[in-house]
Structure formats: structure tokens, C-alpha cells
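Read off the chains here:
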Amino acid sequence: ISVFVYHFCIWIQPPVPGTTWHAPSVDAIVQFGTSGVALFFMASGLVFYPKILAGLRGVSWPAFYISRVFRIIPLIAASTLLITLIIAFRTGARPDWDYPRAFLKWIIAFGQVPLLGEFEAGRLNAYVLWSIWFEWLFYIFVVPGCAAAIELMRGRLPTWLLPVALFGVSKALVAAGYQASILPHLPIFAVGMIAYECRQRVRLVAFFRKPAVTVLSVIALLVAVWTTPTPYGVSLPAFVLFFVCVTCRNDFWGAFRSRSSLVLGECSYAIYLLHGIVLSLFFTEGRRFLSGWPTEWLPLLMPLVIVIVVLVAALAHLAIERPAIRLGHVLARLVSPRRRVEPRV
């Protein structure tokens, strides 16, 4: 939802809503986008750290990658087809011999190249696939690489040293000027792994569930969002504190235990992938309706558009994501009949 707010604000930038596409000048609005993705990466580090702890020999890697493919790609493919139809409707263009190559790049998140000759096709989904590409790099290199390191450490060193070292080394390399590929995001993935280690320690869980720590984490998060444009710098400790609190089952006065929060969690991937399409239709096809609205009034429409996005995402989750996840689970079990298939996520 925070990423949606960020892209909504991009769409309503003057002089004419929808005619520009660049980051807003207000740090707090930029933080809504960058911090949402950072928390997404932290969650990935948390969820897949048990596979790392299992080691190379403790995971059925064919099953793991089959489950990832069927969890991620089907909805990207469906959204890319929808974007293709929208471009065809708007421009009258039709697929050519280059379209299959472009479509493949989109569904594996390798790059949002032009579709049907539309150079700004990526605007239709708010260019969100860049983060999915880093997810793939995390699955392909970081998870098995760390699992191999755990094999070497087992019985010799405590496991928490691995994510701490990953955080420290990657941070040091970034500070030294190395910005290649996934490297700037490795500390964020490492935070998720560290949060998992914290959750395994009873005293730390009790500490991070204290009311005083809860209040402190909320205040720190609000200050970080409103004073800095990115969670990767001085505001990172605030996001770490908040994420560790959540990981240690701090439900923030019941907010994360409510049915609405659980539903949003279930369809959050669909919200992330599809909200840009809804915004594009709303501000492009709906421009005639919006032309009479002063730009400063357009934020009043944000709750309405959020409701539409969540409804579309929920339908996509039920119609596309869940069947694909079940199919991936079946295929994973087939390729690894003698191993216990990892829980679906």
C-alpha cells in the first residue's frame, strides 16, 4: 500500500497529472516507495532463512526453484498480457516477431523493454519488476551460497554470525563505492535473516514485545519516514527495529492480527504487481473525469483507488496465484518424491 501511495503521488504531479514520471521532491513520499520495497526484501530474508539453516543437503533445490517459479511468474505473465492488451487498445499496435522476446524478458523480470513499440510500457505497472529481478538473484545466488556457508560453519561457529557478516561486508563494500547489481540490497536481505535469529531467542522476543519498545519503534519509524528519502542510510536502524519487533510476534496492539491485515498480506504480491495498471487506467482512461478536479484535490480520490486495487488484487490472488501455487507444490513433490517439500510461501 505504501508503494501504491508513492506511485499515486507520481501520477498527480503537476503541471498535468500523468504527464510526468519522476520521483517527487518530498522525502516522505519517496520513502513510501523505497521503504516498502526494503521491507519486502527483509521479509524475503526472513522467510527463506530456514532453508539457509538447513544447508545445501537439507533442501530439495529442484523443488525450491519450481515453487519459486510457480509463485512468482504466473501473475507477472498475466499482468504482462493485460498490459499488452491495454497498449493494443490505446495505440492499435499488434504483436510482431520481437514480441515473444520482449514478453519473456518481462516475465522473468530481466528488463521492462518496449512492448508493441511502446517505449514507456513499464509505466503501466509502475516499473515494479526491477525488484523481482533482485528477488531472483537472491534465490539463485544468496540462498544456496549462504546454505553452503552454513554447512562449513555447522558445529564450529554460531549461525547468527552468517547474516551479521553478510550485513557488515556488503555494507562495507557499498561504502567503498561498489554498487554492482544486488550488492546495495544485500544488507536489507541480511536484516531479515538477523530478525529470524532474534525470534529464536526467548529473551529477545520478550524484549521486542514490550510496550515501551513498541512505542519506540513506531516513533522511530515515523521520524525516519518523514525526515529521510530512503531506508538504506541513517534511517535503517528504525526500519530494523520495526521489522524485528514484527518478526518477534509483536502485533502492534492487534493491528497485524486482524483479518484485514491477513487478507492484505495474502494478496500483497498482487497489489504490488497490479496497482500500477489500475493507476494507469484511472489517470489515462479516466482523464476526462479528472479534468475538472484541481490537482491538490486528487489525493481525496486515493482511498477509492486503494479499494479498487485491493479488490482487483484479491481476485487475481484467488484466480491466478493460488492455483499456480498449488500446481507448483504438486510438481515440486514429483521431482523430489523422497524429500519433504518445503512449506509453501
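The structure displayed is predicted, hence computed values, not measured ones.

Chemist: I'm lost on the overall build of the protein chain in this one. Help?
Modeler: A tally of helices and strands in the protein chain yields 14 helices and zero strands. Reading the protein chain from its N terminus to its C terminus gives the helix and strand order α-α-α-α-α-α-α-α-α-α-α-α-α-α. If one aligns the C-alpha atoms of the protein chain with their principal axes, the spans along those axes are about 65 × 50 × 45 Å. The burial tally for the protein chain puts 48% of its 345 residues in the buried class. Long-range contacts, defined here as pairs at least 24 residues apart, represent 75% of the contacts in the protein chain between residues at least 6 apart. With the model as given, the accessible surface of the protein chain reaches about 17,300 Å², and the carbon-plus-sulfur share is 71%.

Chemist: Would you mind going over the packing of aromatic side chains with me for this structure?
Modeler: Here a ring pair, both rings aromatic, is described through the centre-centre distance and the interplanar angle of the planes. All told, the structure shown has 28 aromatic pairs when counted by the stated rule. Measuring from ring centre to ring centre gives 5.1 Å for Phe207 and Phe208, while their planes differ by 80 degrees; the resulting arrangement is edge-to-face. When its relative accessible area of 12% is taken as the criterion, Phe208 is described as buried. With a centroid separation of 6.3 Å and 50 degrees between ring planes, the pair formed by Phe289 and Trp293 is classed as tilted. Judged by its relative accessible area of 53%, Phe289 is exposed. The ring of Trp11 carries the charged tip of Arg123 above its face, separated from the ring centre by 5.8 Å.

Chemist: Whenever I open this one, unusual backbone geometry confuses me. Can you help?
Modeler: Glycine aside, a negative phi is what most residues show, and trans is what most peptide bonds show. Positive phi outside glycine occurs at Ala109, with the angle close to 65 degrees. Among the structural elements, Ala109 can be located in the loop between α4 (99–107) and α5 (129–153). For Ala109, a relative accessible area of 5% translates into the label buried. In the Ramachandran plot, Tyr127 falls in the positive-phi region, its phi being about 55 degrees despite a non-glycine side chain.

Chemist: I keep staring at the packing of helix α6 (residues 161–175) against helix α7 (residues 186–199) and nothing clicks. Help me out?
Modeler: Each pair of packed helices can be summarised by the angle the axes make with each other and by the distance between the axes. Where α6 meets α7, the axes come as close as 8 Å, and the angle between the chain directions of the two elements is 160 degrees. Classified by the interaxial angle, the pair formed by α6 and α7 is roughly antiparallel. Crossing of α6 over α7 shows left-handed handedness. In this structure, α6 uses Pro163, Val164, Leu166, Phe167, Ser170 and Lys171 to contact α7, whose residues at the interface are Leu186, Pro187, Ala190, Val191, Met193, Ile194 and Glu197.

Chemist: Is there a simple way to think about the environment of Phe48 in this case?
Modeler: Locating Phe48 in the fold gives a position in helix α2 (residues 27–54). Put simply, Phe48 and Ile76 are 28 residues apart on the chain and 21 Å apart in space, counted from C-alpha to C-alpha.

Chemist: I tried to follow the packing of α7 against helix α10 (residues 236–247) on my own but got confused; where do I start?
Modeler: Their axes nearest at 9 Å, the elements α7 and α10 cross at an angle of 40 degrees. On the basis of their axis angle, the class for α7 and α10 is oblique. The hand of the α7/α10 crossing is right-handed. Between α7, through Ile188, Val191, Gly192, Ala195, Tyr196, Cys198 and Arg199, and α10, the contact on the second element is made entirely by Leu236, Val240, Phe243, Val244 and Thr247. Its residues placed into classes, the contact of α7 with α10 shows nine nonpolar, two polar and one charged.

Chemist: How should I be thinking about the state of the cysteines in this particular structure?
Modeler: Formally, a disulfide is one covalent bond, and it connects the sulfur atom of one cysteine to the sulfur atom of another. With the rule as written, the count across this model stands at zero disulfides. Cysteine Cys146 shares no disulfide, and the gap to the nearest cysteine sulfur, in Cys198, comes to 17 Å. Its sulfur unpaired, Cys248 is 5.7 Å from the next cysteine sulfur, which belongs to Cys198. Exposure remark for Cys248: the relative accessible area of 0% places this residue in the buried category.

Cut-offs and rules
Residues numbered from 1 in each chain as written. Predicted model: local features only at pLDDT ≥ 70, side-chain atom pairs only at ≥ 80, totals over all residues. Heavy atoms only, no water. Helix = DSSP H or I, 4+ residues; strand = E, 2+ residues; numbered from the N terminus. Buried < 20%, exposed > 50% of the residue type's maximum accessible area, 1.4 Å probe, protein only. Contact = heavy atoms within 4.5 Å. Areas by Shrake-Rupley, 256 points an atom, 1.4 Å probe, with all protein chains shown as cover. Phe/Tyr/Trp six-rings, centres within 6.5 Å; stacked < 30°, edge-to-face > 60°. Lys NZ or Arg CZ within 6 Å of the ring centre and 35° of its normal. Axes fitted to C-alpha atoms, helices over the stretch in contact; angles between N-to-C directions. Parallel < 35°, antiparallel > 145°, perpendicular 65-115°, else oblique. Left-handed = near helix turned anticlockwise from the far one by under 90°. Nonpolar A, V, L, I, M, F, W, Y, C, P; charged D, E, K, R; others polar. Disulfide = S-S within 2.5 Å.

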